[in-house]
Amino acid sequence: MLDRVGMGAFAPARADHLSGGETQRVAMARALACAPQVILLDEPTANVDVENHAAIEGIIQDMRKSGTSVILTTHDAGQAARLADERIHLFEGRVTEDPLGNVLTIQIVQQNGGFVGRLADGLEMPLDRGPERTARVSLNPRLLSLVAWEPQDSKPSGWDGRVVELASEGNDVRLKVDVGRPFSVLWPRDRFQTQPLGLGDRVRLSAPPQALEFLS
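Let us look at the structure shown here.

Rules behind the numbers
Residues numbered from 1 in each chain as written. Predicted model: local features only at pLDDT ≥ 70, side-chain atom pairs only at ≥ 80, totals over all residues. Heavy atoms only, no water. Helix = DSSP H or I, 4+ residues; strand = E, 2+ residues; numbered from the N terminus. Rg over C-alpha atoms; globule rule 2.2 N^0.38 Å. Buried < 20%, exposed > 50% of the residue type's maximum accessible area, 1.4 Å probe, protein only. Contact = heavy atoms within 4.5 Å. Areas by Shrake-Rupley, 256 points an atom, 1.4 Å probe, with all protein chains shown as cover. Lys, Arg positive; Asp, Glu negative; His and termini not counted. Charge placed at Lys NZ, Arg CZ, Asp CG, Glu CD. Expected span 1.5 Å × (residues − 1). Pairing = 2+ DSSP bridges. Axes fitted to C-alpha atoms, helices over the stretch in contact; angles between N-to-C directions. Arc of directions from axis to C-beta.

This part takes up the overall build of the protein chain. Within the protein chain, the secondary structure is distributed over four helices and 14 strands. For a compact globule of 216 residues, the expected C-alpha radius of gyration is about 17 Å, and the protein chain comes in at 21 Å, more than 25% above that figure. With respect to the principal axes defined by its C-alpha atoms, the protein chain has extents near 70 × 35 × 35 Å. Among the 216 residues that make up the protein chain, the fraction classed as buried is 35%. Put simply, of all contacts in the protein chain between residues at least 6 apart along the chain, 59% involve residues at least 24 apart. For the protein chain, the exposed surface amounts to about 12,800 Å²; the carbon and sulfur share of it is 50%. Side-chain charges in the protein chain split into 23 positive and 29 negative, and the spacing between the mean points of these groups amounts to 1 Å.

Right, dumping it as structure tokens:
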């Protein structure tokens, strides 16, 4: 089983000399030694380095191919898309039809005769409602507007940022954009093929009112 998880060479090693990722892989070998029909994994790649992260995902794929059913929890939407045949999304203990994206707290304030939602880090977005209060909201990653960066005099309203991550999720592509805080944007694959963006590209991100869902 140690060979199966890529840890055969560590058989004589002291347990307290293993890294977090190596310890996780040994734990998976121990579970596999029982020849289980079902394995439960709770955040299997939490707090591990990139090399062990990839190795553990490979082990999970191997489990599935060998006929072992795997049930896992993860906060990584990309990981769920890569590994799972079926996904169940939870928010505050409740099942939701779609994963809530970009959950954040905003301060609703009056400005220029209307309302804006002010993020904790100083970013602002227009709102179509009040009153002034603090609210927890979700910004739907499918409804956020994302365009290539343009010069100051012609760009639309929004926040300047850069693409810092790209991931394939089934028929979609998830783009993570850093505008001072990270936001996820989900595009259908065909749209990404006609409007390709690369890592490091400068972009303009904005949140139309229909992208916002009030959670509290």
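This part takes up helix α1 (residues 20-32). When the terminal C-alpha atoms of α1 are compared, their 19 Å separation across 13 residues agrees well with the 18 Å that a helix rising 1.5 Å per residue should span. The elements touched by buried residues of α1 are β1 (38-42) and α2 (50-65).

This part is about the sheet that holds strand β11 (residues 172-178). Strand order in this open sheet of five strands is β9-β13-β10-β11-β12, and the pairing throughout is antiparallel. The open sheet terminates on both sides in strands that have one partner only, identified here as β9 (145-148) and β12 (182-188). Recorded for the sheet is a direction-independent mean angle of 40 degrees between the axes of neighbouring strands. Of the strand pairs in this sheet, β9 and strand β13 (residues 202-206) are connected by four bridges, and their pairing is antiparallel. Bridged to Leu146 within β13 is Leu205.

A separate point is α2. Over its 16 residues, α2 extends 23 Å from the first C-alpha to the last, a length consistent with the 22 Å expected when each residue adds 1.5 Å. Those residues of α2 that fall on the buried side of the exposure criterion are Asn52, Ile56, Glu57, Ile59, Ile60 and Met63. All buried residues of α2 lie within an arc of 155 degrees about the axis, which places them on one face of the element. For α2, the exposed residues set more than 90 degrees away from the buried face come down to Val50, Glu51, Ala54 and Lys65.

The buried fraction of β11 is high, at five of seven residues. The pairing of strand β10 (residues 159-169) with β11 spans seven bridges and is antiparallel. In the sheet register, Glu169 faces β11, and the bridge partner there is Asp172. Between β10 and β11, which follow one another and run antiparallel, lie two residues, and Gly170 among them has a positive phi close to 65 degrees. Across seven bridges, the pairing between β11 and β12 is antiparallel. Opposite Val177, over in β12, you have Phe183 as the bridge partner. With antiparallel pairing between neighbouring strands as the criterion, β11 and β12 make up a hairpin whose turn holds three residues, including Gly180 at a positive phi of roughly 110 degrees.

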